[in-house]
Amino acid sequence: MGTLQQGLQSLKQDLKNELNIEVKDTQPVEESIIMPSPEQVPMMYRAQVSGRCSLQYGKNQKDLDRWTEEWVYPNKKDEPSYQFKKPQLALDDGVYRFEIEFPWRVFSNCGQDSIFRPVIGKDGIPFIPGSGIKGLFRRLLEWADISDDDKRTIQNYCGTADKPATLRFLRAYPLGDWAQTKRVTPRNKNEEIRYQMVDICHPQQKKQVEGGGRPQAIALISFYKPTFVFELSSIKPLGLTEWQHIEQLLRKALNQGIGGKTSNGYGLYNAPQDKNLYPLAFHLFAKGVSPLLRNDEPEFRPNLFKATLRGHVSRLLGGATNNVDTVKIKVNQLFGDNSPGSLQLYWETLPEFLTMGTYGRENTPIYENQGILYLDVKKNNNNQDIAFLQKVMEFAFIMGGFGKSWRRVYHPDFMNYNTRAIGCHWWGSWQKPDQPLNINNPQQLTQFLNGLFNTCQQYLNINNNQQYINNWRESWHPQNVKVFSKVVAKSELITLFHEDKFKYTPAIGGKNRGDKRPKYVSCVWHRMLPIENNQYLEIMTVFRGDNQLWNGQKANFEKEITERNFGLTWGNKN
Amino acid sequence: MYQKAYGIIETLAPLHVGASAGEESGNLNLIFRDQFTQTGIIPGSSIRGRFRADMRQEKTGQVDNWYGQEAIPNEKDSTTEALVKFEYASIVWIPVYCPNQPVVRVSCPALLRRYQKITNKPMKEFKPYSYYGKKTSSTLFFNLGFLPLKKEDKELKDYIPEEISNRNEYLVLIVNDSEISMIHDMALYRQSRVALEANQKKAKTGAFFDVEALPEGTIMTFPLALKKDGQDGLVQWNKFVQDFKISANKDMYFGGLESIGFGRTKVTLHAVEEK
């Protein structure tokens, strides 16, 4: 550096002496751009690589937490700094507004990031663009119960290639705290801020039904119980009555759910008004261990129904044929794969029935809930699908439960066990009086399961084929599973799970000695099915499973069951 | 010769004036940009078209008077010159959203000089990295790096048009002319759009495109001029305002994708007092 400086000095001197040119020292250029520390760059502007920003790295969600907090840009109350305030509703200065409160989550995706998230608008506030709302509105043209008059008007509102639209679908935006800030005090920790818009997608069918596969907990962003203001305006001035009619039509269109994941109950704001639209309905009561979000925040998630049913359909059909493709095609038709499935599901929590709490020394988050589950099969709306799903629903109800820890009975109810809550317990009634669920003893259960096995084969157009997918862990075939049952007043088998020799058998307890949390999916289901006279049908379902996982305990376990006078209700003896 | 005036446009929704879906075979529909600063503009023709259409809707019968009479077939000299002239609208302030910092309204000397000329405000030097408003830190992040906030310039207050909403809520910042285009691109609203099948929520094959737009809260300005002498004598600014039925301000829609909520703005007009 010294040499360069000296060289420049001597060049200056030469120029001055020989050519009489004076070279002035220039001022250093003002640095406008500060050398940044890479650590200060917001997460939204970082590459999605390990060490920079990895929103989907489940074990350590620091990046996700920081990404969320930076986006929210919290104020002193830890709510978003920028929020929309409630505007004047109805017609105001050419803009018509109405609001809708959603009972659960609303998911929309902008298609632009490494994480599913809504469009970000003014001041970082997410919203739903008018394009999606217009698309949904236009769909009314496909509805059977819309009058021709209305269809013509809708066409006018939406426009055609030759004629511009007269309505403007401005947008829908959330009022107030769109991140859904919640203050929690985790055990042995200080108060923390959680943003409930951070949602989770947790596919585990492969792991639970087929065996193998890694659990994934994919983060996504969805509005949690938002109140949205929908805004419209028109090219021509419209009267209030016409606006009210438009609102009615749009509300009707919104009945099919706005945004994505609607078959799971996302984006639906209203219990189906027309019960005939949903041929199946079940009134259910439940308590159990609560599902958790990525940040360990408990939430009763209605999408647990679809997940449970999807798993059961795979199991049942995997026992009826050995053709994996046939099973997958059917499952995907019903529940969706790359394209939407035909099943539509809506869980309506009855007012004030959802309570959340904790249980045991470990403060396991638990819920109690009551509601109605509506089911329909939209596409090929034929009775075969409906009848089949009715049976699957009965199977799910009789044999286990729904959602997290569904393979186990609810410990707080059936055992004196104060460490933590385990399992779930479901009871309820079938809405259709002509199809009551008459399972009160082991014989009726045998009958039901035989009938179900035939229904599955018929559903696949198979006649008495005894082949099944024998490398799936839970194919529902008599060679692969044994069902034991007995009418009891209180649980006679629950203590088995807590005996030392069974507790650490992976096929039963799901873990090896020394494991803190279950490592394997258990091969045993245990259910206390409520029956008449305040009794229960205690049902123990045992899958053949991997010999290694059983640690030689399978025969012992079954022996303990039969010694307590439980009869083999379904499945082959050996 | 001319009575000078100007308009202020505040966008209330994303604003897209540029190529539309049918005109490009690609699937990114860009907005029109000014060639020097590379920031979004609304061409004078778009502004004139909208003003003219709105006046036609008001049915005051004055459209031909203000915008010029179209030729009548077989009639000589039937056209007349418009009395009102429009120029393109350029950005005065563009709000930039960046996570982890307050929303900042940004401009550059070139854009502010145009605003100064249009409004006939006193001459002023706009220094890069001067700001006005309450700052929470001494640097801000934009996608080209970290920028310093140097000196507060209280005169910048006069360069925030009075009629815009939340006028003093945001920090305003001047950056270099060479930097504005990058920061502007970071601020643009972008939306991927996809058409779905009529009967199920599944994307139609190939029906997918992206659109960019100026974000909500962008402040723009455009000059307009009235000929002083019309055929029927002196042209008066008040008469134009009256015929256009604009009182304090007016909701107007510019650009494309209007039916899905783009292009809504609030426009105010001002006569320029000659000095």
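Residues numbered from 1 in each chain as written. Chains lettered and ligands numbered in written order. Predicted model: local features only at pLDDT ≥ 70, side-chain atom pairs only at ≥ 80, totals over all residues. Heavy atoms only, no water.

## Description of the pattern of salt bridges
(1) Moving on: Applying the stated criterion across every chain, the model contains 50 salt bridges over all chains.
(2) Moving on: Of the charged contacts, one joins Arg-46 of chain A and Glu-39 of chain A as a salt bridge, the two residues approaching to 3.7 Å between their closest N and O atoms.
(3) Moving on: Residue classification places Arg-46 of chain A among the buried positions, given a relative accessible area of 7%.
(4) Moving on: Owing to a relative accessible area of 47%, Glu-39 of chain A belongs among the partly exposed residues under this scheme.
(5) Moving on: Here Lys-554 of chain A ties to Glu-558 of chain A by a salt bridge, and the two come within 2.9 Å at their closest N and O atoms. Taken together, the residues span about one helical turn, with Lys-554 of chain A and Glu-558 of chain A both in helix α15 (residues 554-563) at a distance of 4 residues. Of the two residues, Lys-554 of chain A and Glu-558 of chain A, both sit in the buried class.
(6) Moving on: Via salt bridges that share partners, Asp-92, Arg-97, Arg-171 and Glu-231 of chain A together with Glu-216 of chain B belong to a single interconnected network. (Salt bridge = Lys/Arg side-chain N within 4 Å of Asp/Glu carboxyl O. Buried < 20%, exposed > 50% of the residue type's maximum accessible area, 1.4 Å probe, protein only. Helix = DSSP H or I, 4+ residues; strand = E, 2+ residues; numbered from the N terminus.)

## Concerning α15 of chain A
Along an α-helix, residues three or four apart share an orientation, since each turn contains 3.6 residues.
Residues and elements named next belong to chain A.
(1) Moving on: Listing the buried residues of α15 in full gives Lys-554, Phe-557, Glu-558, Glu-560 and Ile-561. The buried side chains of α15 occupy one side of the element, clustering within an arc of 155° when seen end-on. Turned more than 90 degrees away from the buried face of α15 sit Ala-555 and Glu-563, all of them exposed.
(2) Moving on: Looking at the buried side of α15, the elements it contacts are β18 (481-488), α12 (500-503), α13 (506-509), β19 (524-531), β20 (535-543) and α14 (547-550).
(3) Moving on: Of the residues flanking the end of α15, it is Asn-565, one or two places downstream, whose phi is positive at about 65°. (Arc of directions from axis to C-beta. Contact = heavy atoms within 4.5 Å.)

## Section: the nonpolar core
(1) Moving on: Among the nonpolar cores identified, the biggest contains 85 residues, and Leu-284, Phe-305, Met-399, Trp-426, Leu-449, Trp-476 and Phe-557 of chain A are the most heavily contacted of them.
(2) Moving on: The greatest single-element share of this core, amounting to 10 residues, is contributed by helix α9 (residues 383-399) of chain A.
(3) Moving on: Residues in contact with Phe-305 of chain A, not counting those within four places in the same chain, are Leu-284, Phe-300, Leu-345, Trp-347, Leu-373, Phe-402 and Trp-426 of chain A.
(4) Moving on: Residues Val-41 of chain A together with Trp-66, Leu-140 and Val-175 of chain B belong to the second largest nonpolar core, which totals 57 residues. (Core = buried A, V, L, I, M, F, W, Y, C linked by side-chain atoms within 4.5 Å.)

## Points about the packing of helix α7 (residues 303-320) of chain A against helix α8 (residues 324-335) of chain A
Residues and elements named next belong to chain A.
(1) Moving on: Across the interface, α7 lies against α8 with an axial gap of 10 Å and an inter-helix angle of 155°. As judged from the angle between their axes, α7 and α8 are roughly antiparallel. Of the two possible hands of crossing, α7 and α8 adopt the one that is right-handed. Facing α7, whose interface residues are Lys-306, Leu-309, Arg-310, Val-313, Ser-314, Leu-317 and Gly-318, α8 presents Val-327, Lys-330, Val-331, Asn-332, Leu-334 and Phe-335.
(2) Moving on: Its residues assigned to classes, the contact of α7 with α8 comprises 7 nonpolar, 3 polar and 3 charged. (Axes fitted to C-alpha atoms, helices over the stretch in contact; angles between N-to-C directions. Parallel < 35°, antiparallel > 145°, perpendicular 65-115°, else oblique. Left-handed = near helix turned anticlockwise from the far one by under 90°. Nonpolar A, V, L, I, M, F, W, Y, C, P; charged D, E, K, R; others polar.)

## Remarks on the sheet that holds strand β1 (residues 90-92) of chain A
Residues and elements named next belong to chain A.
(1) Moving on: Ordered in space as β1-β2-β12-β6-β5-β4, the 6 strands form an open sheet in which the pairing is antiparallel. Edge strands, defined here as strands with exactly one partner in the open sheet, are β1 and β4 (119-120).
(2) Moving on: Of the pairings in the sheet, the one linking β4 to strand β5 (residues 126-129) comprises 2 bridges and is antiparallel in character. Residue pairing in the sheet places Ile-120 in a bridge with Pro-126 of β5.
(3) Moving on: Of the strands in this sheet, β1, β2 (95-101), β6 (167-174) and β12 (227-234) are in contact with helix α6 (residues 240-254), which crosses β2 at around 35°. (Pairing = 2+ DSSP bridges.)

## What to know about the UniProt feature "domain: CRISPR type III-associated protein" (unreviewed entry) in chain A
(1) Moving on: Residues annotated in UniProt with the feature "domain: CRISPR type III-associated protein" (unreviewed entry) correspond here to residues 122-269 of chain A.
(2) Moving on: The span residues 122-269 of chain A shows a helical share of 28% and a strand share of 26%, and its end C-alpha atoms are spaced 25 Å apart. (UniProt positions renumbered as here; feature names shortened; annotations may be inferred.)

## Quick look at the environment of Gly-211 of chain A
All names here are of chain A.
(1) Moving on: For Gly-211, the location among the structural elements is in the loop between α5 (205-210) and β10 (218-221).
(2) Moving on: Distance from Gly-211 to Ser-50, taken between C-alpha atoms, is 29 Å for residues 161 residues apart in sequence.
(3) Moving on: With residues up to four places along the chain from it excluded, the contact list for Gly-211 reads Lys-206 and Arg-473.

## Points about the interface of chain A and chain B
(1) Moving on: Contacts between chain A and chain B engage 49 residues on the former and 44 residues on the latter.
(2) Moving on: Of the roughly 3,800 Å² buried at the junction of chain A and chain B (both faces included), carbon and sulfur atoms supply 53%.
(3) Moving on: For the pair chain A and chain B, the number of links is 2 salt bridges.
(4) Moving on: Counting the contacts that link chain A with chain B gives 14 residue pairs in polar contact (both at pLDDT 80 or more).
(5) Moving on: Secondary-structure elements contributing two or more residues to the side of chain A that touches chain B are α2 (62-72), β4, β5, α3 (130-138), β6 and β12 of chain A. (Buried area = accessible area lost by both parts, 1.4 Å probe. Polar contact = N/O pair within 3.5 Å; in protein donor to acceptor, adjacent residues only side chain to side chain.)

## Some points on the environment of Arg-66 of chain A
All names here are of chain A.
(1) Moving on: Mapped onto the elements, Arg-66 comes out in helix α2.
(2) Moving on: Looking at Arg-66, the relative accessible area reads 29%, which means it is partly exposed.
(3) Moving on: Along the backbone, Arg-66 and Met-43 are 23 residues apart, and their C-alpha atoms lie at a distance of 7.2 Å.
(4) Moving on: Excluding residues within four positions of it along the chain, Arg-66 makes contact with Glu-39, Gln-40, Val-41, Met-43 and Arg-46.

## Considering empty space enclosed by the protein
(1) Moving on: This structure, assessed with the given rule, holds 4 cavities of 30 Å³ or more.
(2) Moving on: Roughly 110 Å³ of volume is contained in the largest cavity.
(3) Moving on: Lining of the largest cavity is provided by 16 residues; of these, Leu-170 and Arg-171 of chain A together with Ala-13, Pro-14 and Gly-261 of chain B occupy positions nearest its centre.
(4) Moving on: Among the elements of the structure, β5 and β6 of chain A together with β10 (189-196) of chain B are those that each provide at least two residues to the lining of the largest cavity.
(5) Moving on: Looking at the lining of the largest cavity residue by residue, the classes come out as 9 nonpolar, 3 polar and 4 charged. (1 Å grid on protein atoms, 1.4 Å probe; cavity = no way out; pocket = protein on both sides within 12 Å on 5 of 7 lines; lining within 4 Å. Points joined across faces, edges and corners; volume = space filled by probe spheres on them.)

## Topic: the sheet that holds β19 of chain A
Residues and elements named next belong to chain A.
(1) Moving on: The 4 strands are arranged β19-β20-β18-β21 in an open sheet whose pairing can be described as antiparallel. Looking along the sheet, the strands with just one partner apiece sit at the ends: β19 and β21 (567-570). Taking each pair of neighbouring strands and ignoring which way they run, the sheet shows an average axis angle of 30°.
(2) Moving on: When β19 meets β20, the two strands line up antiparallel, connected through 8 bridges. Of the residues in β20, the one forming a bridge with Trp-525 is Thr-541.
(3) Moving on: Running over the sheet, α9 touches β18, β19 and β20 and is turned about 95° from β19.
(4) Moving on: Across the sheet, α15 lies against β18, β19 and β20, angled at about 165° from β20, the strand it touches most.

## Details of a nonpolar patch on the surface
Residues and elements named next belong to chain A.
(1) Moving on: Together, Leu-19, Ile-21 and Val-23 line one region of the surface with nonpolar side chains, adding up to about 250 Å² of accessible area.
(2) Moving on: By the element assignment, Val-23 lies in the loop between α1 (2-19) and α2.
(3) Moving on: Of the residues examined, Val-23 reaches a relative accessible area of 33% and is grouped as partly exposed. (Patch = residues over 30% accessible without salt bridge, like charges linked within 9 Å, V, L, I, M, F, W, Y side chains within 5 Å. Areas by Shrake-Rupley, 256 points an atom, 1.4 Å probe, with all protein chains shown as cover.)

## As for the pairing of strand β5 (residues 104-107) of chain B
Residues and elements named next belong to chain B.
(1) Moving on: The alternating pattern of β5 places Val-104 and Val-106 and Arg-105 and Ser-107 on opposite faces, both of which are buried.
(2) Moving on: Relative to β5, strand β4 (residues 90-96) is paired through 3 bridges, and the arrangement is antiparallel. Each residue of the ladder has a partner; that of Val-96, found in β5, is Val-104.

## Re the packing of aromatic side chains
The relative placement of two aromatic rings is captured by the distance of their centres and the angle of their planes.
(1) Moving on: Overall, the coordinates contain 49 aromatic pairs over all chains when judged by the stated rule.
(2) Moving on: Here Tyr-115 of chain B and Tyr-159 of chain B contribute two aromatic rings whose centre-to-centre distance is 6.1 Å and whose plane-to-plane angle is 70°, an arrangement assigned as edge-to-face. Here Tyr-159 of chain B lies in the loop between β8 (145-148) and β9 (171-174) and Tyr-115 of chain B lies in helix α3 (residues 109-119), a separation of 44 residues in the sequence. Taken as a pair, Tyr-115 of chain B and Tyr-159 of chain B share a single burial class, namely buried.
(3) Moving on: Among the aromatic side chains, those forming a connected cluster through ring pairs are Phe-51, Trp-66, Tyr-67, Phe-86, Phe-222, Trp-237, Phe-240 and Phe-244 of chain B.
(4) Moving on: Taking the ring centre of Phe-397 of chain A as reference, the NZ or CZ of Arg-527 of chain A above it sits at 5.1 Å. (Phe/Tyr/Trp six-rings, centres within 6.5 Å; stacked < 30°, edge-to-face > 60°. Lys NZ or Arg CZ within 6 Å of the ring centre and 35° of its normal.)

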